[in-house]
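What follows is the residue order along each chain.
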Amino acid sequence: MAGYDGVFDTLGLRDWCDQDKTDAPMSMAQLLAQSGGATEKAPLPFPSLDALHDSCARIAQTRDVTQGLEDGFLSIRPELKLVLDPITQPLSWLLDGALFLFETTPWWLMIPLLVIIAYVVSRSRPVTGFVALVLLFFGLIDHYEVAMQTLAIVFVCTGLSVLLGVPIGIAMSKSDTAQRMIVPILDLLQTLPTFVYLIPLIFLFSVTESKIYGIAVIVYAIVPVIRLTDLGIRLVDQDVVEAANAFGMTPGQKLTRVELPLALPNIMAGVNQTIMMSLAMVVIASMISAPGLGVLVLRGIRSLDLGVGIVAGLGIVLLAVILDRVSKAALARIDTHRNEQ
Amino acid sequence: MTPKVAIRALYKIFGPRDRAMVPLVQGGMTKSELLDQQGHVLGLQNINVDMQAAEITVIMGLSGSGKSTLIRHLNRLIEPSAGEILIDGEDVMKLGQAELRAIRQKKMSMVFQKFALLPHKTVQQNAEMPLSVQGVDAAQQISEARKWLARVGLDGFEDRFPAQLSGGMQQRVGIARALAANTDIMLMDEAFSALDPLIRTDMQGLLLELQAELQKTVVFITHDLDEALKIADHLVILKDGAIIQQGDPQTILLAPADPYIEAFVGDINRARVLRVRSVMTALSQDRFDGEISADSTLEALIQQAEGDTTQTYRVSDGRAVVGQIAMKDLVKALVPRPAITEDQTR
Ligand SMILES: Nc1ncnc2c1ncn2[C@@H]1O[C@H](COP(=O)(O)OP(=O)(O)OP(=O)(O)O)[C@@H](O)[C@H]1O
Ligand SMILES: [Mg+2]
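Residues numbered from 1 in each chain as written. Chains lettered and ligands numbered in written order. Predicted model: local features only at pLDDT ≥ 70, side-chain atom pairs only at ≥ 80, totals over all residues. Heavy atoms only, no water.

### A short note on the overall build of chain A
So, step 1. What chain A contains, in helices and strands, is 15 helices and 0 strands.
So, step 2. Relative to the compact-globule value of 20 Å for 341 residues, chain A shows a C-alpha radius of gyration of 28 Å, a clear excess of over 25%.
So, step 3. Each principal axis of the C-alpha distribution contributes one length, and for chain A these read about 85 × 60 × 40 Å.
So, step 4. Within chain A, contacts between residues separated by at least 24 positions form 76% of all contacts whose residues are at least 6 apart in sequence.
So, step 5. With the model as given, the accessible surface of chain A reaches about 18200 Å², and the carbon-plus-sulfur share is 69%.
So, step 6. Averaging the coordinates of the 22 positive side-chain charges in chain A and doing the same for the 30 negative ones gives two points 9 Å apart. (Helix = DSSP H or I, 4+ residues; strand = E, 2+ residues; numbered from the N terminus. Rg over C-alpha atoms; globule rule 2.2 N^0.38 Å. Contact = heavy atoms within 4.5 Å. Areas by Shrake-Rupley, 256 points an atom, 1.4 Å probe, with all protein chains shown as cover. Lys, Arg positive; Asp, Glu negative; His and termini not counted. Charge placed at Lys NZ, Arg CZ, Asp CG, Glu CD.)

This is the structure in structure tokens:
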């Protein structure tokens, strides 16, 4: 007899409980009791769903609840897919295209190209030289291809994050209501452990599609660019905004000629963080089929292959350092240009 | 003569129910009562000012008296709680957003205390800004901006960025920008307050020089009486959001309406500010020790008389004799006169 019978008896719920009583599947506790044999039942178990179920069959078992959630999720899955699939399809194309491009371009073209891009963005010789060294090092240790895969994904995801994040940030800076609604979502995205993102994604999409990791990366990395665009525009010198109004600028002119340019240092700081976070997430997203350096780290963990894991990990650090240096150099360039004395 | 800008019965109260507060203020509630009882801040009350074309109207008052609030009503950067603002006879309050922008572009330009230049644009591009907002073609933008930059003495600085210039030079850019807009009205909110005294004197000179040439309707805000007296054609004195006296600066100086103004005017060098025309009397004799222009300062006359207080001078306005001035009267005018108030008549 279970511990909570008395409670239901005194409440006069016995009849209600025993209606259509069947032999329900065994609860976790019962299973344990059966296999472990002589586990003594505690005199007063915590009134959990399973414990209450023992006394009253009408109360659901915990596994029914998880099962119900899963069923519910699976039942709306077709509808969700119907909406989400077409919207996210271009992401798959972009990722596949970028991966194809980065993998098929010969190294003797790709490395100079990346070095030139690094110089154009950073305008700094030491940074550019460092980028060249790192790229050559990847080639030397036969990690060039995986590094390019990671880089391709980071580029696509950062690009899309900026493309989506800046307008959202602008909307937040213009409307306090929008800000109040979006900030909790951003807080949630930032506090959720990264693995938790992956669960609904594997339900919704197949791991054969590239967009599954693309979404994981973007959802995780878009937060800083949104936050700092909002902050940047709100922090724009109000005197200058007033001057823009006094000379009769339209809201659009004000945005493109005053607010965005003046918020640019902050937005760029957001982009820098977004790049770093995409890189972090690409590695984790290897678990759901993202190619690149993360796959090697994962292999290192799975097969306890210390060397493979360490080399891949080092590669990620190097990639992080060059991405950070280049974007920070770009940021510094904007700042000094304005504050030259 | 219809005024270029007229403000009629203007009230501004800061707070969520500002309109409902207007009758209370009209009924005599003071700023502190309004704040205690209703939680609203009284910004301006019952402001009536006429600003004539081609004149410099100076609005003066201590910090917090509502000067910035008042000037921002003219181009509706701040919405009034009640009242009318007429520009060329047209009520600004009735304009829609697009018309308001048109007026801000074509009729009024503004110079700011903290310059408010675009830090990421060159001096040249900053001066072009109003024209590019107006949609003027590029060649004209460039030539107009160059012209006004040269006019304020910034030849050769076109390609610098604002942060590379001194404060005085940045404000010259601010003035060139306002002039390039080619508007009749120029609003200047403490335009020179952030500058060093010497640079400030320079800039006041520049403004007067430009004004003699361009004849704009200037609304100038300051908390400095010397500056106000130097440039004002019409002086408006503001205290706690209300006008306590307005008129010709000389008149205000000679007959302050209020102990507050008296305190203001108490420690200025009156000889340097007062003009002969404000002190002269009607012609009553025909033997004079010399002649002086009506627009000279008393200081100039004292110099001319070499300090001799027994002399009398004939006053002319350049064409005809308009009066006479005795040195005795001059000396009397130098003594600050107390305002006629209840305290003193009692
Ligand atoms: N947005 C606002 N909300 C509430 N009160 C305000 C607001 N703006 C101004 N005030 C109040 O209105 C009064 C006048 O302010 P204003 O800025 O016009 O003064 P000012 O004469 O320009 O002073 P200063 O010389 O310091 O610039 C002050 O008491 C100020 O606290
Ligand atoms: Mg002010």
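The structure having been displayed, the exposition proceeds.
### Describing empty space enclosed by the protein
All names here are of chain B.
So, step 1. Considering all chains together, one arrives at 1 cavity of 30 Å³ or more under this definition.
So, step 2. Lining the largest cavity, in full, are Leu179, Met186, Leu207, Leu210, Gln211, Leu214, Lys216 and Val218.
So, step 3. Per-element accounting of the lining of the largest cavity gives the leading share, 4 residues, to helix H8 (residues 197-214).
So, step 4. Across the lining of the largest cavity, the residue classes tally to 6 nonpolar, 1 polar and 1 charged. (1 Å grid on protein atoms, 1.4 Å probe; cavity = no way out; pocket = protein on both sides within 12 Å on 5 of 7 lines; lining within 4 Å. Points joined across faces, edges and corners; volume = space filled by probe spheres on them. Nonpolar A, V, L, I, M, F, W, Y, C, P; charged D, E, K, R; others polar.)

### With respect to the pattern of salt bridges
So, step 1. The tally for this structure, following the rule as stated, stands at 30 salt bridges over all chains.
So, step 2. A:Lys174 serves as the salt-bridge partner of A:Glu259, at 2.8 Å between the closest nitrogen and oxygen. Linking A:Glu259 in helix H13 (residues 251-284) with A:Lys174 in helix H8 (residues 144-174), this pair joins segments that are 85 residues apart in sequence.
So, step 3. Taking the relative accessible area as the measure of exposure, A:Glu259 reaches 6% and is therefore buried.
So, step 4. Its relative accessible area of 47% is what places A:Lys174 among the partly exposed residues.
So, step 5. Across the pair B:Asp91 and B:Lys94 runs a salt bridge, and its minimum N-O distance is 3.4 Å.
So, step 6. Classification of B:Asp91 by relative accessible area gives buried; the value is 10%.
So, step 7. Through salt bridges with shared partners, a single ionic network connects A:Lys81, A:Asp85, A:Glu209 and A:Lys211. (Salt bridge = Lys/Arg side-chain N within 4 Å of Asp/Glu carboxyl O. Buried < 20%, exposed > 50% of the residue type's maximum accessible area, 1.4 Å probe, protein only.)

### Some words on the environment of B:Lys12
Residue and element names in this part refer to chain B.
So, step 1. With respect to the helices and strands, the residue Lys12 is situated in strand S1 (residues 5-14).
So, step 2. Residue classification places Lys12 among the buried positions, given a relative accessible area of 9%.
So, step 3. With 10 residues separating them in the primary sequence, Lys12 and Val22 have C-alpha atoms 8.1 Å apart.
So, step 4. Setting aside residues up to four positions removed in sequence, Lys12 forms contacts with Asp18, Val41, Leu42, Gly43, Leu44, Thr69, His73, Ile78, Glu79, Pro80 and Ser81.
So, step 5. Within polar-contact distance, the side chain of Lys12 engages the backbone oxygen of Glu79 at 2.7 Å. (Polar contact = N/O pair within 3.5 Å; in protein donor to acceptor, adjacent residues only side chain to side chain.)

### Some remarks on the site of ligand 1
All names here are of chain B.
So, step 1. Every residue near ligand 1 is listed here: Phe14, Lys31, Val41, Leu62, Ser63, Gly64, Ser65, Gly66, Lys67, Ser68, Thr69 and Glu190.
So, step 2. Within the contact set of ligand 1, an oxygen atom lies 2.8 Å away from a backbone nitrogen or oxygen of Gly64.
So, step 3. Taking Thr69, its side chain carries an N or O atom lying 2.4 Å from an oxygen atom of ligand 1.
So, step 4. Look at ligand 1: alone it shows 630 Å² of surface, and the protein chains cover 60% of it. (Near = heavy atom within 4 Å.)

### Re helix H11 (residues 259-266) of chain B
Residue and element names in this part refer to chain B.
So, step 1. Here H11 has its buried residues at Tyr260, Ile261, Phe264 and Val265. For H11, the arc enclosing every buried residue in end-on projection is 125 degrees, short of the 170-degree limit, so these residues lie on one face.
So, step 2. Those residues of H11 hidden inside the fold are in contact with strand S3 (56-60), helix H9 (225-231), strand S9 (234-239), strand S10 (242-247), helix H10 (249-254) and helix H12 (270-273).
So, step 3. The N-cap of H11, judged by a side-chain oxygen 2.7 Å from the amide nitrogen of Tyr260 a few residues on, is Asp258. (Arc of directions from axis to C-beta.)

### Points about the environment of B:Leu225
All names here are of chain B.
So, step 1. Along the chain, Leu225 falls in helix H9.
So, step 2. Leu225 sits in the buried class, given a relative accessible area of 7%.
So, step 3. C-alpha of Leu225 to C-alpha of Asn75: the two residues are 150 residues apart in sequence and 25 Å apart in space.

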